[in-house]
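Residues per chain are reported as follows:
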Amino acid sequence: MSAPAKREGAPMSYSIGRRLSLRLALLTMAIVGFIFWCTWNAVADQHRSKNEREMDFRSGVIVKMLTATAAAGDENAIREKIESYAAMRDGTRLEVKRADGSFVYRDPDIAAHAMSKHLRSSRFAIDAPRIAGGKLDAAFSVDFAEDAKIGDQWAAVLAAATLASGALVALGAWWQVRRELRPLHELARRRLYYRHFERL
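Before going into details, it helps to say that this report is about the structure given with it. (Residues numbered from 1 in each chain as written. Predicted model: local features only at pLDDT ≥ 70, side-chain atom pairs only at ≥ 80, totals over all residues. Heavy atoms only, no water.)

1. Considering the overall build of the chain
Put simply, the rule reads: Put simply, DSSP H or I for four residues or longer makes a helix, DSSP E for two residues or longer makes a strand, and each gets a number counted from the N terminus. The rule is simple: take the accessible area with a 1.4 Å probe, protein chains only, and divide by the maximum for that residue type; under 20% is buried, over 50% is exposed, in between is partly exposed. We call two residues in contact whenever any of their non-hydrogen atoms come within 4.5 Å of each other.
The helix and strand inventory of the chain stands at 5 helices and 4 strands. Mapped from its N terminus to its C terminus, the chain presents α and β elements in the order α-α-β-β-α-β-β-α-α. Taking all 200 residues of the chain together, 28% fall into the buried category. Within the chain, counting contacts between residues at least 6 apart in sequence, those at least 24 apart form 65% of the total.

Next up, the structure:
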């Protein structure tokens, strides 16, 4: 009796199925990843524009407040006015200097600002006729780290969605290919079966 014939048809078809599934998954990941990358860039641009608008608005409020107060008040009036706005400046830092560089007002140092990569600062000069030197130099800083953190979370979600879509497509393609090749598997099995008995 001769040795049983090797089953050559099924492994080949399974190999074809795996290759097709892998290629389709990679193609899907590339397409979805590109779409998500474009989406993320658009979202990041919107975040940057939003931060710039917010920075301009907050700086404008500070400039108007200091200008109006310095035009008619002394240093005490300026400090009182700044302190009255403290609740509205939560998480920000303001420094106001005389013309000689000495401080009229200075917020405490914020540790998070020193380590932040998303700190934005604005500097401006204010006419102050009642202050020695006739002007004030101000520096206003805002940390947008929380907005950046939200952006990083969205980037992680988009990356996970890209990988998940590729995995789902690979699984679905593998199942569909196996289903479509089932008749071929059966035909190959019968052929090998008859060939085996012909050799007996």
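The rest of the description comes next.
2. Looking at helix α2 (residues 75-84)
Let me state the cut-off plainly: Directions drawn from the helix axis to the C-beta atoms are what define this arc. Whenever a nitrogen or oxygen atom comes within 3.5 Å of another N or O atom, the pair is scored as a polar contact, on the condition that within protein one atom can donate a hydrogen and the other can accept it, and that pairs from neighbouring residues in sequence are kept only if both atoms are in side chains.
Those residues of α2 that fall on the buried side of the exposure criterion are Glu-75, Ile-78 and Ile-82. Taken down its axis, α2 places every buried residue within 60 degrees of arc, on the same side. Of the exposed residues in α2, the ones pointing more than 90 degrees away from its buried face are Glu-80 and Ser-84. Two or three places before Asn-76, at the start of α2, stands the capping residue Asp-74, its side-chain oxygen 3.3 Å from that residue's backbone nitrogen.

3. What to know about the pattern of salt bridges
What counts is decided by this rule: Salt bridges, as used here, are contacts in which a Lys or Arg side-chain nitrogen is within 4 Å of a carboxyl oxygen on Asp or Glu.
Throughout the structure, instances matching the rule amount to 8 salt bridges. Note that Glu-95 is salt-bridged to Arg-106, the shortest N-O span being 3.4 Å. Taken together, the positions of Glu-95 in strand β1 (residues 92-97) and Arg-106 in strand β2 (residues 103-106) put the pair 11 residues apart, joining distant regions of the chain. You can call Glu-95 buried: its relative accessible area is 14%. Taking the relative accessible area as the measure of exposure, Arg-106 reaches 46% and is therefore partly exposed.

4. Quick look at the nonpolar core
Rule in force here: We call a set of buried residues a nonpolar core when its members are Ala, Val, Leu, Ile, Met, Phe, Trp, Tyr or Cys and they connect through side-chain atoms within 4.5 Å of each other.
Judged by nonpolar contacts, the single largest core of 20 residues is most densely connected at Leu-66, Ile-78, Ile-82, Val-96 and Leu-136. Secondary structure elements with two or more residues in this core: α1 (9-72), α2, β1, β2, β3 (119-127) and β4 (135-143). With 5 residues, α1 is the largest single contributor of residues to this core. Once you skip the residues sitting within four places of it in the chain, Ile-78 turns out to touch Leu-66, Thr-69, Ala-70, Val-104, Ile-131 and Leu-136.

5. Things to note about the pairing of β4
Stated precisely, the cut-off is as follows: Pairing between two strands is assigned when DSSP locates at least 2 bridges connecting them.
Bridge analysis of β1 against β4 gives 6 bridges, and the strand direction is antiparallel. Bridged to Thr-92 within β4 is Val-142. Pairing analysis gives 9 bridges linking β3 to β4, with the strands arranged antiparallel. When the bridges of β4 are listed, Ser-121 appears paired with Ser-141.

6. Some words on the environment of Ala-159
Tracing the backbone through its elements, the reader meets Ala-159 in helix α4 (residues 145-180). Judged by relative accessible area, Ala-159 falls into the partly exposed class, the value being 41%. Separated by 127 residues in the primary sequence, Ala-159 and Val-32 place their C-alpha atoms 9.7 Å from one another.

7. Considering the side chain of Ser-141
Looking at the secondary structure, you find Ser-141 in strand β4. A residue is classified by how much of its surface remains accessible, and Ser-141, at 15% relative accessible area, is buried. Side chain to side chain, Ser-141 and Ser-121 meet in a polar contact 3.0 Å long. Excluding residues within four positions of it along the chain, Ser-141 makes contact with Thr-92, Arg-93, His-113, Leu-119, Arg-120 and Ser-121.

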